[in-house]
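Single-letter residue listing:
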Amino acid sequence: MSTDSEIILRARDRPAAFAELYDRHAAVVHRYVARRAGQSAAEDVTSETFLVAFERLDSYDVRRPDARPWLLGIATNLLKKHHRAEAKILKAAARAAAPETVDDDADLVTARVDAFAATGKIARTLRGMASVDRDTLLLYAWADLSYEDIAQAMNVPIGTVRSRLNRARKILKNKLSLSTLEEETENDRGRFATAP
């Protein structure tokens, strides 16, 4: 099986060889983009990602055998054009309501409601994060890239990736812990107010 860099080298002389790179990575790029900007933008951004990659074949560092970080970096940059779509997805997740179906299992219903509430908090926190921190976190969490791969995708040193991930994690931890504490305090106030 050829490495991505071998495919890219072949595609520089025979453009039809690029189809193999597309076949290998299109689903990963599409899934990542769909999670960030929704299905409606996923097709366009995925296509545009591979168009940009094809146009930049000569700039690819063939010492890197895996083109996935490069492709996801291109997709991340293109998503900036589609930030409104991503903002809508995060807003929708932030407003997530309890599931419409009622289940007889009270524990299952409670777990689903808790999951929807947590999703909303996470989405609000992501939406409020600096875009470079959010991009770094989502490349790590949703695209399953290593620190090195993220550094390559974002064209930054690996230390920058570490500090961005650290900052994003702290923001998530602080916001989610604070929200949980505030909710527990509100619940306690309600409980004490109704106590005889």
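Residues numbered from 1 in each chain as written. Predicted model: local features only at pLDDT ≥ 70, side-chain atom pairs only at ≥ 80, totals over all residues. Heavy atoms only, no water.

- The protein is annotated in an unreviewed UniProt entry as RNA polymerase sigma factor of Arthrobacter horti.
- According to UniProt, the comment filed for the protein under the heading Sequence similarities (unreviewed entry) is "Belongs to the sigma-70 factor family. ECF subfamily." (UniProt positions renumbered as here; feature names shortened; annotations may be inferred.)

**Considerations on the layout of surface pockets**
And step 1. Estimated volume of the largest pocket: approximately 350 Å³.
And step 2. Lining the largest pocket are 19 residues, with Trp-70, Gln-152, Ala-153, Met-154 and Asn-155 sitting closest to its centre.
And step 3. When residues in the lining of the largest pocket are grouped by element, the largest group, six residues, is from helix H4 (residues 68-79).
And step 4. In the lining of the largest pocket, the residues fall into seven nonpolar, six polar and six charged.
And step 5. Formed jointly, the lining of the largest pocket draws a minimum of three residues from each of two domains, domain 1 (1-81) and domain 2 (97-196). (1 Å grid on protein atoms, 1.4 Å probe; cavity = no way out; pocket = protein on both sides within 12 Å on 5 of 7 lines; lining within 4 Å. Points joined across faces, edges and corners; volume = space filled by probe spheres on them. Helix = DSSP H or I, 4+ residues; strand = E, 2+ residues; numbered from the N terminus. Nonpolar A, V, L, I, M, F, W, Y, C, P; charged D, E, K, R; others polar. Domains from an automatic or database assignment.)

**Quick notes on unusual backbone geometry**
And step 1. In this model, Asp-144 sits at a positive phi of 60°, which is unusual for a non-glycine residue.
And step 2. You can see Asp-144 is positioned in the loop between helix H7 (131-141) and helix H8 (147-154).

**What about the nonpolar core?**
And step 1. Among the nonpolar cores identified, the biggest contains 44 residues, and Tyr-32, Val-33, Trp-70 and Leu-139 are the most heavily contacted of them.
And step 2. Breaking this core down by element, the ones donating at least two residues are helix H1 (4-13), helix H2 (18-37), helix H3 (39-55), H4, H7, H8 and helix H9 (158-194).
And step 3. The leading source of residues in this core is H2, at eight residues.
And step 4. Lining this core are residues from two domains, each supplying at least three of them: domain 1 (1-81) and domain 2 (97-196).
And step 5. Those residues within four positions of Trp-70 in sequence are excluded, and the remaining contacts are Ile-8, Ala-53, Arg-56, Tyr-60 and Gln-152. (Core = buried A, V, L, I, M, F, W, Y, C linked by side-chain atoms within 4.5 Å. Buried < 20%, exposed > 50% of the residue type's maximum accessible area, 1.4 Å probe, protein only. Contact = heavy atoms within 4.5 Å.)

**Overview of the pattern of salt bridges**
And step 1. Enumeration according to the criterion identifies ten salt bridges in this entry.
And step 2. Residue Arg-63 pairs with Asp-61 through a salt bridge whose shortest N-O separation is 2.9 Å.
And step 3. Measuring nitrogen to oxygen at the nearest pair gives 2.7 Å for the salt bridge that ties Asp-133 to Arg-167. Highlighted residues: Asp-133 in helix H7 and Arg-167 in helix H9, separated in sequence by 34 residues.
And step 4. Among the ionic contacts, a cluster of salt bridges with common partners joins Asp-4, Arg-10, Glu-20 and Arg-24. (Salt bridge = Lys/Arg side-chain N within 4 Å of Asp/Glu carboxyl O.)

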